[in-house]
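# Structural overview for review
For reference, the chains in residue letters:
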Amino acid sequence: MDKILDIDNVDLKIISLLNDDAKTPYTEIAKKVFVSSGTVHVRMRKLEDMGIVKSATLNIDFSKLGYDISAFLGIYLEKSSLYDTVIDNLKQIPEVINAYYTTGNYSIFAKIICKDTNHLRTVLDNIQKVDGIDRTETLIVLEESINRPIQFFDKNGKTQ
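Residues numbered from 1 in each chain as written. Predicted model: local features only at pLDDT ≥ 70, side-chain atom pairs only at ≥ 80, totals over all residues. Heavy atoms only, no water.

The protein appears in an unreviewed UniProt entry as AsnC family transcriptional regulator from Belliella aquatica.

So, in structure tokens, the structure goes:
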């Protein structure tokens, strides 16, 4: 927890800019943050070493790749002790793109993407065959209305 104290407003601004677009060159970030590009590089290395920045990812429009169905899947486990085994099996199903261990009704809440309803049915059949899963509930996404990175605030409450 002490390492979080090493984060300052420059770090937060760098993270915020890269969170908006991970492909932004360090030279462009440096100009916006009023530091050298070398400083941005050093700060990013520090954030990576601290485990704050894990990777850079792409925001992909899956529908343009032929995956027209997104769905959330509430997964009930037979026993909570089977969580690790179930997750290991879900990792083998490429259509499962996110999975969370949750409180509430479901033990696991997952997001899946599929090409069409037939593909969805096949994926659901495969998921329901996983040992340790008692049952599932599927919620098909009709529209993704919000998909944004978190906004960071400095110690004075100003957005970065």
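After presenting the structure, the write-up continues.
## Some points on the overall build of the protein
Each helix and strand counted, the protein has five helices and four strands in total. In the protein, the order of α-helices and β-strands from amino to carboxyl end is α-α-α-β-α-β-β-α-β. Reported as C-alpha extents along the three principal axes, the dimensions of the protein are approximately 55 × 40 × 25 Å. Going through the 160 residues of the protein one by one, you find that 31% of them count as buried. Within the protein, contacts between residues separated by at least 24 positions form 65% of all contacts whose residues are at least 6 apart in sequence. With the model as given, the accessible surface of the protein reaches about 11200 Å², and the carbon-plus-sulfur share is 49%. For the protein, the distance from the average position of its 20 positive side-chain charges to the average position of its 23 negative side-chain charges is 5 Å. (Helix = DSSP H or I, 4+ residues; strand = E, 2+ residues; numbered from the N terminus. Buried < 20%, exposed > 50% of the residue type's maximum accessible area, 1.4 Å probe, protein only. Contact = heavy atoms within 4.5 Å. Areas by Shrake-Rupley, 256 points an atom, 1.4 Å probe, with all protein chains shown as cover. Lys, Arg positive; Asp, Glu negative; His and termini not counted. Charge placed at Lys NZ, Arg CZ, Asp CG, Glu CD.)

## Focus: the side chain of Arg43
Looking at the element boundaries, Arg43 is found in helix α3 (residues 37-49). Judged by relative accessible area, which is 19%, Arg43 ranks as buried. Among residues more than four places away in sequence, those in contact with Arg43 are Asp8, Val10, Asp11 and Ile14.

## As for the packing of aromatic side chains
Overall, the coordinates contain four aromatic pairs when judged by the stated rule. A centroid spacing of 5.3 Å and a plane angle of 70° characterise the contact between Tyr76 and Tyr106, whose relative ring orientation is edge-to-face. Here Tyr76 is found in strand β1 (residues 69-77), whereas its partner Tyr106 is found in the loop between β2 (96-101) and β3 (108-114), with 30 residues between them in sequence. The same class applies to Tyr76 and to Tyr106, which are both buried. Arranged with centres 3.9 Å apart and planes meeting at 20°, the rings of Tyr83 and Tyr101 form a pair that is stacked. On the criterion of sequence distance, the pair formed by Tyr83 in helix α4 (residues 83-90) and Tyr101 in strand β2 is long-range, its members being 18 residues apart. Among the aromatic residues, those joined into a cluster by ring pairs are Phe72, Tyr76, Tyr106 and Phe109. Taking NZ or CZ as reference, Arg135 lies 3.8 Å from the ring centre of Tyr76, over its face. (Phe/Tyr/Trp six-rings, centres within 6.5 Å; stacked < 30°, edge-to-face > 60°. Lys NZ or Arg CZ within 6 Å of the ring centre and 35° of its normal.)

## Quick look at the nonpolar core
Counting 21 residues, the largest nonpolar core has Ile75, Leu90, Ile108, Ile112, Ile127 and Ile133 as the members making the most contacts within it. Within the residue set of this core, elements represented by two or more residues are β1, α4, β3 and α5 (117-128). With five residues, β1 is the single largest residue contributor to this core. Core analysis: the next-biggest nonpolar cluster, separate from the first, contains 13 residues, Ile15, Ile29, Val40 and Met50 among them. (Core = buried A, V, L, I, M, F, W, Y, C linked by side-chain atoms within 4.5 Å.)

## Here's the deal with the UniProt feature "domain: HTH asnC-type" (unreviewed entry) in the protein
Residues annotated by UniProt as "domain: HTH asnC-type" (unreviewed entry) correspond here to residues 7-68. Secondary structure content for residues 7-68 is 53% helix and 0% strand, while the C-alpha to C-alpha distance between its ends is 40 Å. (UniProt positions renumbered as here; feature names shortened; annotations may be inferred.)

## Focus on the pairing of β2
Relative to β3, β2 runs antiparallel, the two being bridged by five bridges. The residue of β3 that forms the bridge with Asn98 is Lys111. What sits between the antiparallel neighbours β2 and β3 is a turn of six residues, in which Gly104 has the positive phi angle 100°. (Pairing = 2+ DSSP bridges.)

## A short note on the layout of surface pockets
Approximately 1500 Å³ is the volume found for the largest pocket. Sorting the residues of the lining of the largest pocket by element identifies α1 (9-20), α3, β1, β2 and β3 as the ones contributing at least two each. In terms of residue count, α1 provides more of the lining of the largest pocket than any other element does, five residues in total. In terms of residue class, the lining of the largest pocket is made up of 26 nonpolar, nine polar and eleven charged. (1 Å grid on protein atoms, 1.4 Å probe; cavity = no way out; pocket = protein on both sides within 12 Å on 5 of 7 lines; lining within 4 Å. Points joined across faces, edges and corners; volume = space filled by probe spheres on them. Nonpolar A, V, L, I, M, F, W, Y, C, P; charged D, E, K, R; others polar.)

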